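Descriptive structure summary
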Amino acid sequence: MTDIDIRKDGHAGRITLNRPKALNALTYEMCLAIEDALWNWREDPTIKLVLIDAMGEKAFCVGGDIADMYASGTAGDYAYGQRFWRDEYRMNALLSEYPKPVVSFLQGFTMGGGVGVGCHGSHRVVGDSSRIAMPECGIGLIPDVGGSYLLARAPGQVGAYLGLTADRMGPGDAIFVGFADLYVPESAWDSIKVGLCSQGNVASLTKAAQPAPEAALIEHRAQIDHLFAAETLADLVAKLQSDSGDFAQQALAKLSRNAPLSMAFTLEMLKQLRSGPLDIRRALELEYRFTSRAMERGDFIEGIRAAIIDKDKSPKWSHDLTGVPEADVATMLQPVAGENVTFERRSEA
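In this text, all values refer to a predicted model and were calculated from it rather than measured experimentally. (Residues numbered from 1 in each chain as written. Predicted model: local features only at pLDDT ≥ 70, side-chain atom pairs only at ≥ 80, totals over all residues. Heavy atoms only, no water.)

1. Let's talk about the overall build of the chain
On a plain count of helices and strands, the chain comes out with 17 helices and nine strands. The C-alpha atoms of the chain give 20 Å as radius of gyration, which agrees with the globular expectation for 349 residues (20 Å, within 12%). Along the longest, intermediate and shortest principal axes, the C-alpha atoms of the chain span 55 × 45 × 40 Å. Across the 349 residues in the chain, those meeting the buried criterion constitute 56%. Put simply, 74% of the contacts in the chain that link residues at least 6 apart link residues at least 24 apart. Accessible surface computed for the chain: about 14,200 Å², of which carbon and sulfur atoms make up 49%. Of the side chains in the chain, 35 bear a positive and 46 a negative charge, and the two mean positions are spaced by 3 Å. (Helix = DSSP H or I, 4+ residues; strand = E, 2+ residues; numbered from the N terminus. Rg over C-alpha atoms; globule rule 2.2 N^0.38 Å. Buried < 20%, exposed > 50% of the residue type's maximum accessible area, 1.4 Å probe, protein only. Contact = heavy atoms within 4.5 Å. Areas by Shrake-Rupley, 256 points an atom, 1.4 Å probe, with all protein chains shown as cover. Lys, Arg positive; Asp, Glu negative; His and termini not counted. Charge placed at Lys NZ, Arg CZ, Asp CG, Glu CD.)

So this is what it looks like as structure tokens:
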């Protein structure tokens, strides 16, 4: 059994994540295999669309498999993580810019790296079990894999809210925010996949789509836009602290669990993305500025220790909520000399 099943099926190129016991967490090798398949199918006239799904009911993909990153980072070797992120981001860009339809079926949890695989295609399908989130600030990272691009495009300040609180989106929320396109009952997914492969077009999929469930975020949209319209993390925290309402206090509690440097950077990154040309490549470049430094200068190692290794859920962050100097954010935003993300096809592919 392989971690990923890549094959042709009728008129479709099919990618199936196949690590259900690990909630389909992405390995480095899986990222490279997806990239290679996408390049091979681009110029193949027999492939009319790409279909991405995953085995198991619990998750499409919960993110990247970070055990190797932690092991190498604690040993002082940051090159492996930097290479993983560069190559993964190149694959994310390829998916976002792909010239053929890319259909993804996002059951259960889709988080972090799973968003990078499942939420950049042209037809992103959710069902009742779908729960989508960008929880990276909770482990000392930032919303990456092009997640910042999606968050920056979200209505109002909803992207900032989701990036900083790591709240999970149900199917209605995911469509409202822009992480998904179509709601289809999961009982119909298998037959729809057969039609996609045999017909080579998305007509059967779009016909099967139903009205999305209610988006819970819409109810709180006005509060989110007011509270999360802040220039800095300190300003945002002050707003939340001065509002005694349940929503503001719940949001403050969620922020209190996450890495302050990561949240401060996320706010600045989203602000920059919204103020200039908004495209996937610019977002990935900004993300890489942080992630490439996350182990050496950020809180990523400590975040993984607390969440995954020791599981004590008590990370000792390098800053507190109101004490992230602008200079520290600026340092993480500096271009990475000689290490910029490149988006050309790998020579060994």
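So much for the structure itself; the text now carries on.
2. Let's talk about the packing of helix 2 (residues 67–74) against helix 16 (residues 300–309)
The geometry of helix 2 relative to helix 16 is characterised by a closest axis approach of 10 Å and an angle of 130° between their N-to-C directions. If you check the angle between helix 2 and helix 16, you find them oblique. Judged by the twist between their axes, the crossing of helix 2 over helix 16 is left-handed. Mapping the contact onto sequence places Met69, Tyr70, Gly73 and Thr74 in helix 2 and Phe300, Ile301, Ile304, Arg305 and Ile309 in helix 16. Among the residues making up the contact of helix 2 with helix 16, the classes are represented as six nonpolar, two polar and one charged. (Axes fitted to C-alpha atoms, helices over the stretch in contact; angles between N-to-C directions. Parallel < 35°, antiparallel > 145°, perpendicular 65-115°, else oblique. Left-handed = near helix turned anticlockwise from the far one by under 90°. Nonpolar A, V, L, I, M, F, W, Y, C, P; charged D, E, K, R; others polar.)

3. Structural notes on the pairing of strand 1 (residues 4–9)
Of the pairings in the sheet, the one linking strand 1 to strand 2 (residues 12–17) comprises six bridges and is antiparallel in character. What sits directly across from isoleucine 4, in strand 2, is leucine 17. Counted along the chain from strand 1 to the antiparallel partner strand 2, the turn is two residues long, and its residue glycine 10 has a positive phi close to 65°. (Pairing = 2+ DSSP bridges.)

4. Quick look at the pairing of strand 3 (residues 49–54)
Taken residue by residue, a regular strand's side chains alternate between the two faces of the sheet. Burial analysis of strand 3 places six of its six residues in the buried class, the great majority of the element. With burial as the criterion, each face of strand 3 is covered, one bearing Leu49, Leu51 and Asp53 and the other bearing Val50, Ile52 and Ala54. Pairing of strand 2 with strand 3 involves six bridges; the strand directions are parallel. From the neighbouring strand, glycine 13 faces strand 3, where its bridge partner is valine 50. The parallel pair strand 2 and strand 3 is bridged by helix 1 (residues 28–42), and the resulting crossover is right-handed. With three bridges joining them, strand 3 and strand 5 (residues 102–106) adopt parallel strand pairing. In the strand pairing of strand 5, valine 50 is matched with valine 102. (Right-handed = clockwise from strand over helix to strand, strands pointing away.)

5. Some thoughts on the sheet that holds strand 4 (residues 59–61)
Taking strand neighbours across the sheet as the criterion, the three strands line up as 4-6-8 in an open arrangement whose pairing is parallel. The sheet terminates laterally at strand 4 and strand 8 (131–133), the two strands that pair on one side only. Averaged over all pairs of adjacent strands, the angle between their axes in this sheet comes to 15°, without regard to strand direction. Examined bridge by bridge, strand 6 (residues 109–111) and strand 8 share three bridges and lie parallel to one another. Following the sheet pairing, threonine 110 is matched in strand 8 by isoleucine 132.

6. A look at the side chain of glutamine 82
As for its placement among the helices and strands, glutamine 82 is situated in helix 3 (residues 79–96). We classify glutamine 82 as buried; its relative accessible area is 19%. Those residues in contact with glutamine 82 that sit more than four places away from it in its chain are Tyr288 and Ser292.

7. Some thoughts on helix 8 (residues 189–199)
Taken as a whole, helix 8 has its buried residues at Trp189, Ile192, Lys193, Gly195, Leu196 and Cys197. Of the surrounding secondary structure, the elements contacted by the buried residues of helix 8 are strand 1, strand 2, strand 3, strand 5, strand 7 (123–126) and helix 9 (203–208). A positive phi of about 75° marks glycine 200, the residue just after helix 8.

8. Points about unusual backbone geometry
Residue valine 145 is not a glycine yet carries a positive backbone phi of 50°. Phi is positive for alanine 166, close to 65°, though the residue is something other than glycine.

9. As for the nonpolar core
Core analysis: the largest hydrophobic core is formed by 100 residues, its most contacted members being Phe179, Phe228, Leu233 and Phe300. In terms of residue count, the dominant contributor to this core is helix 1 (nine residues). Leaving out residues up to four positions away in the same chain, phenylalanine 179 has contacts with Val115, Cys119, Arg124, Ile132, Met134, Gly147, Leu150, Leu151, Met169 and Ala174. In terms of nonpolar packing, the next biggest core, distinct from the first, is built from 14 residues, Ala12, Val103, Leu196 and Cys197 among them. (Core = buried A, V, L, I, M, F, W, Y, C linked by side-chain atoms within 4.5 Å.)

10. Topic: helix 1
Helix length check: helix 1, at 15 residues, gives a terminal C-alpha distance of 22 Å against a target of 21 Å (1.5 Å per residue), a fit within 8%. Those residues of helix 1 that are buried are in contact with strand 1, strand 2, strand 3, helix 3 and helix 4 (113–118). (Expected span 1.5 Å × (residues − 1).)

11. A word on the side chain of threonine 110
You can see threonine 110 is positioned in strand 6. The contact partners of threonine 110, leaving out residues within four places of it in the chain, are Phe60, Cys61, Val115, Cys119, Arg131, Ile132 and Ala133.

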